[in-house]
Amino acid sequence: AQSVAQPEDQVNVAEGNPLTVKCTYSVSGNPYLFWYVQYPNRGLQFLLKYITGDNLVKGSYGFEAEFNKSQTSFHLKKPSALVSDSALYFCAVRDLTSGTYKYIFGTGTRLKVLA
Amino acid sequence: NAGVTQTPKFQVLKTGQSMTLQCAQDMNHNSMYWYRQDPGMGLRLIYYSASEGTTDKGEVPNGYNVSRLNKREFSLRLESAAPSQTSVYFCASSGGLGTYEQYFGPGTRLTVT
């Protein structure tokens, strides 16, 4: 079965420091991977995706993610965190084995950037 | 271009009451989805519609029904609400040409007493 894991419920980082939010996946075949951000009382917003190609993917708001096939990981990164980055982050994978168009989400990681 | 819209934003129901959550998208996407979000559980798929005219169950379909009214609209119905259905409900769409990401509505916060 395909799955996504976000091992940390919360990540705290000081403003200006680099941040990493972890995601690992288990899929059959080549994964389609996504990161979304959710601000309080809002819907999820798409940040970036990996479909194929370069393992380092750049996205919105200065975020990037590194696809590592051998470690089955897709960690979200940012070189210098902002207080405004504080939000809930979700990793997701598209379920390709079912022949449909479903997506599987992790349980989310709350990022808190401290001033 | 409004993206994905949902109505209502908030709703309080008594146990046993029924209601329909409405969702519409203006991005000409083929696929639409209904999720519920509960603390510590991430997003769980209730139902989805891969294309107009088709619907399929997701991870937690019990107690819900859906209708894909046309390409733009996808509604979620609770026939007899239960306190366990207290949650935040999100509609999403995907399937633009060459893209795979989902676009989400602002959510409906439902409380069942």
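Anything mentioned here points back to the structure above.
Residues numbered from 1 in each chain as written. Chains lettered and ligands numbered in written order. Predicted model: local features only at pLDDT ≥ 70, side-chain atom pairs only at ≥ 80, totals over all residues. Heavy atoms only, no water.

Draft legend 1. View of the environment of F90(A). Residues and elements named next belong to chain A. Here F90 shows up in strand 10 (residues 87-94). Residue classification places F90 among the buried positions, given a relative accessible area of 0%. Note: C-alpha distance between F90 and V27 (63 residues apart in sequence) is 17 Å. (Helix = DSSP H or I, 4+ residues; strand = E, 2+ residues; numbered from the N terminus. Buried < 20%, exposed > 50% of the residue type's maximum accessible area, 1.4 Å probe, protein only.)

Draft legend 2. Summary view of the pattern of salt bridges. Scanning all chains against the criterion turns up 7 salt bridges over all chains. When the shortest N-O distance is used, the salt bridge between E101(B) and K49(A) registers 2.8 Å. Placement of E101(B) in the loop between strand 9 (87-94) and strand 10 (103-104) and of K49(A) in strand 6 (residues 44-50) is noted, with the two residues assigned to different chains. Take K49(A): its relative accessible area is 23%, and that puts it in the partly exposed class. (Salt bridge = Lys/Arg side-chain N within 4 Å of Asp/Glu carboxyl O.)

Draft legend 3. Broad picture of the nonpolar core. With 27 residues, the main nonpolar core has W35(A), L47(A), L48(A), F74(A), L76(A) and Y89(A) as its most contacted residues. Put simply, the parts of the chain that give this core at least two residues each are strand 2 (10-14), strand 3 (19-21), strand 5 (33-38), strand 6, strand 8 (64-68), strand 9 (73-78), strand 10 and strand 12 (109-114) of chain A. Per element, the largest residue contribution to this core is 4 residues, and it comes from strand 10 of chain A. Apart from the residues within four sequence positions on either side, L48(A) is in contact with L33(A), F34(A), W35(A), V57(A), K58(A), G59(A), F63(A), E64(A), A65(A), F74(A) and L76(A). Counting 20 residues, the second-largest nonpolar core is a separate cluster that includes V4(B), L21(B), Y47(B) and L110(B). (Core = buried A, V, L, I, M, F, W, Y, C linked by side-chain atoms within 4.5 Å. Contact = heavy atoms within 4.5 Å.)

Draft legend 4. Expanded view of the interface of chain A and chain B. In this assembly, 21 residues from chain A lie in contact with 22 residues from chain B. The contact between chain A and chain B buries some 1,700 Å² in all, and 59% of this surface belongs to carbon and sulfur atoms. The interface formed by chain A and chain B contains 1 salt bridge. Taken together, the links from chain A to chain B amount to 5 residue pairs in polar contact (both at pLDDT 80 or more). Of all the secondary structure elements, the ones that give two or more residues to the side of chain A that touches chain B are strand 5, strand 6, strand 10 and strand 11 (103-105) of chain A. Tallied by class, residues from the side of chain A that touches chain B come to 11 nonpolar, 6 polar and 4 charged. (Buried area = accessible area lost by both parts, 1.4 Å probe. Polar contact = N/O pair within 3.5 Å; in protein donor to acceptor, adjacent residues only side chain to side chain. Nonpolar A, V, L, I, M, F, W, Y, C, P; charged D, E, K, R; others polar.)

Draft legend 5. Quick peek at the state of the cysteines. All names here are of chain B. Per the stated rule, a full pass over the model turns up 2 disulfides over all chains. Covalent S-S linkage joins C23 and C91, the inter-sulfur distance amounting to 1.8 Å. What sets the handedness of the C23 and C91 disulfide is the S-S torsion sign, and at about -70° it is left-handed. Highlighted residues: C23 in strand 3 (residues 19-25) and C91 in strand 9, separated in sequence by 68 residues. (Disulfide = S-S within 2.5 Å.)

Draft legend 6. Local environment of the pairing of strand 10 of chain A. Residue and element names in this part refer to chain A. Buried residues dominate strand 10, accounting for 8 of its 8 residues. Pairing of strand 5 with strand 10, which is carried by 6 bridges, proceeds in the antiparallel orientation. Within strand 10, the residue paired with V37 across the bridge is Y89. Sheet topology note: the strand 10/strand 12 ladder contains 3 bridges and is antiparallel. In the sheet register, A87 faces strand 12, and the bridge partner there is L111. As paired strands, strand 10 and strand 11 are joined by 3 bridges and run antiparallel to one another. Looking across to strand 11, one finds that V93 is bridged to I104. (Pairing = 2+ DSSP bridges.)

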